[in-house]
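Here's the letter readout for the chains.
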Amino acid sequence: MAPHAIDTKSPAAVVAVVKNAFALISAQASFPLLDRLFADVTNMFNGKYPGYLGIDMHYHDYEHTLQATVCLIQILEGRHRTGDKPILSARDWELAVIAVLLHDTGYLKHADDRDGTGAKYTLIHESRSCEFARSYLPSLGIKPAEIDDVCAAISCTGPQNKISQMTFSRESARVIAFILVTADYLGQMSAPDYVDELPMLFGEFEEAFEFEHVPEQKRSYHEISELLEKTPRFWENYVRPLLDFEAGGVHRYLTTAGQPNPYLQAVEANIAEVQRRLRERTGKKIG
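What you are looking at is a predicted structure, and each value in this text was computed from that prediction instead of being measured.

**Here we look at the overall build of the protein**
For the protein, the count of helices and strands is 10 helices and zero strands. Listed by position from the N terminus, the elements making up the protein come as α-α-α-α-α-α-α-α-α-α. Rg of the C-alpha trace for the protein: 18 Å, near the compact-globule value of 19 Å for 287 residues, within the 12% margin. Viewed in the frame of its principal axes, the protein has a C-alpha envelope of about 55 × 55 × 35 Å. Evaluated residue by residue, the protein yields a buried proportion of 55% over its 287 residues. Of the contacts made within the protein by residues no fewer than 6 positions apart, 71% connect residues no fewer than 24 positions apart. With an accessible surface of roughly 12,700 Å², the protein has 52% of that area assigned to carbon and sulfur atoms. Positive and negative charge centroids in the protein, built from 29 and 39 side chains respectively, lie 4 Å apart.

**Some points on the pattern of salt bridges**
As enumerated under the stated definition, the model contains 19 salt bridges in all. One salt bridge connects Lys19 with Asp35, and the closest N-O pair in it is separated by 2.7 Å. You can see Lys19 sitting in helix 1 (residues 11–24) and its partner Asp35 sitting in helix 2 (residues 31–45), a full 16 residues away along the chain. We classify Asp35 as partly exposed; its relative accessible area is 38%.

**Considerations on unusual backbone geometry**
With an omega of -5°, the peptide bond running from Lys85 to Pro86 counts as cis. Here Pro86 lies in the loop between helix 3 (62–82) and helix 4 (90–102). In this structure, Ser26 takes a positive phi of about 55° despite not being glycine. Looking at the secondary structure, you find Ser26 in the loop between helix 1 and helix 2. Phi is positive for His213, close to 55°, though the residue is something other than glycine. As for its placement among the helices and strands, His213 is situated in the loop between helix 8 (194–211) and helix 9 (224–246).

**Observations concerning the packing of helix 5 (residues 125–136) against helix 6 (residues 144–155)**
For the pair helix 5 and helix 6, the least separation of the axes is 9 Å and the interaxial angle reads 165°. It follows from the interaxial angle that helix 5 and helix 6 lie roughly antiparallel. Between helix 5 and helix 6 lies a crossing of right-handed hand. Note on element contacts: helix 6 touches helix 5 through Ile147, Asp148, Cys151, Ile154 and Ser155, opposite Glu126, Ser129, Cys130, Ala133 and Arg134. Here the contact of helix 5 with helix 6 is built from residues that sort into five nonpolar, two polar and three charged.

**Quick word on helix 6**
Helix length check: helix 6 (12 residues) gives 16 Å between terminal C-alpha atoms against 16 Å at 1.5 Å per residue, within 8%. Of all the 12 residues making up helix 6, nine are buried; the element is thus mostly covered by neighbouring parts of the structure. In this fold, the buried residues of helix 6 make contact with helix 4, helix 5 and helix 7 (171–189).

**Examining the packing of aromatic side chains**
In this structure the tally under the stated criterion is 13 aromatic pairs. With a centroid separation of 4.6 Å and an interplanar angle of 15°, the aromatic rings of Phe45 and Tyr62 are classed as stacked. Separated by 17 residues along the polypeptide, Phe45 in helix 2 and Tyr62 in helix 3 bring together distant segments of the chain. Assessed through its relative accessible area of 7%, Phe45 is described here as buried. Among the aromatic residues, those joined into a ring-pair cluster are Tyr49, Tyr52, Phe132 and Tyr136. Note that Lys19 overlies the ring of Phe31, its terminal NZ or CZ placed 5.2 Å from the centroid. One cation-aromatic arrangement involves Arg128 over Tyr121; the distance from NZ or CZ to the ring centre is 3.7 Å.

**Observations concerning helix 2**
Over its 15 residues, helix 2 extends 21 Å from the first C-alpha to the last, a length consistent with the 21 Å expected when each residue adds 1.5 Å. Contacts made by the buried residues of helix 2 are with helix 1, helix 3, helix 4 and helix 5. Where helix 2 ends, the next residue or the one after it, Gly47, has phi of about 75°, a positive value.

**A closer look at the nonpolar core**
By size, the foremost hydrophobic cluster in this structure holds 97 residues, and its most contacted members are Val97, Leu102 and Leu137. It is helix 7 that provides the largest number of residues to this core, a total of 12 residues. Not counting residues up to four positions away in its chain, the partners in contact with Leu137 are Ile98, Leu102, Ile142, Ile147 and Val150.

Calculation notes
- Residues numbered from 1 in each chain as written.
- Predicted model: local features only at pLDDT ≥ 70, side-chain atom pairs only at ≥ 80, totals over all residues.
- Heavy atoms only, no water.
- Helix = DSSP H or I, 4+ residues; strand = E, 2+ residues; numbered from the N terminus.
- Rg over C-alpha atoms; globule rule 2.2 N^0.38 Å.
- Buried < 20%, exposed > 50% of the residue type's maximum accessible area, 1.4 Å probe, protein only.
- Contact = heavy atoms within 4.5 Å.
- Areas by Shrake-Rupley, 256 points an atom, 1.4 Å probe, with all protein chains shown as cover.
- Lys, Arg positive; Asp, Glu negative; His and termini not counted.
- Charge placed at Lys NZ, Arg CZ, Asp CG, Glu CD.
- Salt bridge = Lys/Arg side-chain N within 4 Å of Asp/Glu carboxyl O.
- Axes fitted to C-alpha atoms, helices over the stretch in contact; angles between N-to-C directions.
- Parallel < 35°, antiparallel > 145°, perpendicular 65-115°, else oblique.
- Left-handed = near helix turned anticlockwise from the far one by under 90°.
- Nonpolar A, V, L, I, M, F, W, Y, C, P; charged D, E, K, R; others polar.
- Expected span 1.5 Å × (residues − 1).
- Phe/Tyr/Trp six-rings, centres within 6.5 Å; stacked < 30°, edge-to-face > 60°.
- Lys NZ or Arg CZ within 6 Å of the ring centre and 35° of its normal.
- Core = buried A, V, L, I, M, F, W, Y, C linked by side-chain atoms within 4.5 Å.

If you want it as structure tokens, here you go:
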């Protein structure tokens, strides 16, 4: 399936894709859990979950989570077809979907938290997502050891956390983390509107730097042009090596042998567009 062939603005469309994938492994018994999970997460983002405000992010919005979810389920399907070990059980698939749907819940604000947007939590949102998961998942019947696996995967999505230095309870949990990290990056960086939304990402960083009182000299970006200039290098020098090596190269499951990977192609096209816009502005190539 080509990236973004699914309407990721529609939770119902994404639920259908996820259920179809679960049906392929004869895991229809997971459907009630999936229905409850998607309903709850939709309410979380839309401000209808008790005790919380809606997520008011413009870059890390619900569509980003749903884009990552579609990518994740495609990786799970592709891996299942190969028969690679360890074989992931239907429960492992459930935990992977839980992890991707909750990986940005750290941006949620409590109902009495009226200052700024959820973007202020950017630098700590992975740990906050894990805190939320630990309070929420017992209501779904998820066991403590399983919650640990979900949180280990979510923690790996933070740029400061190296997967190779993380401890996992079992090899399947490590694979789930590989898949989540890959889906998180590829889902967002392959999006058709990725380049146009980079100013929104810069705004989120800016609010977080202010909230955390990060000194000017320690900030990753000081203006939007700096973020744009660093984006190609971020992909080439950090994300792609991370996906190829630290995350186990699981993006290979998004395609059949010998065929181009549609997600990687879409990311490369976006990076080329960033470079084209930079050349247009500066008259020189930024790599």
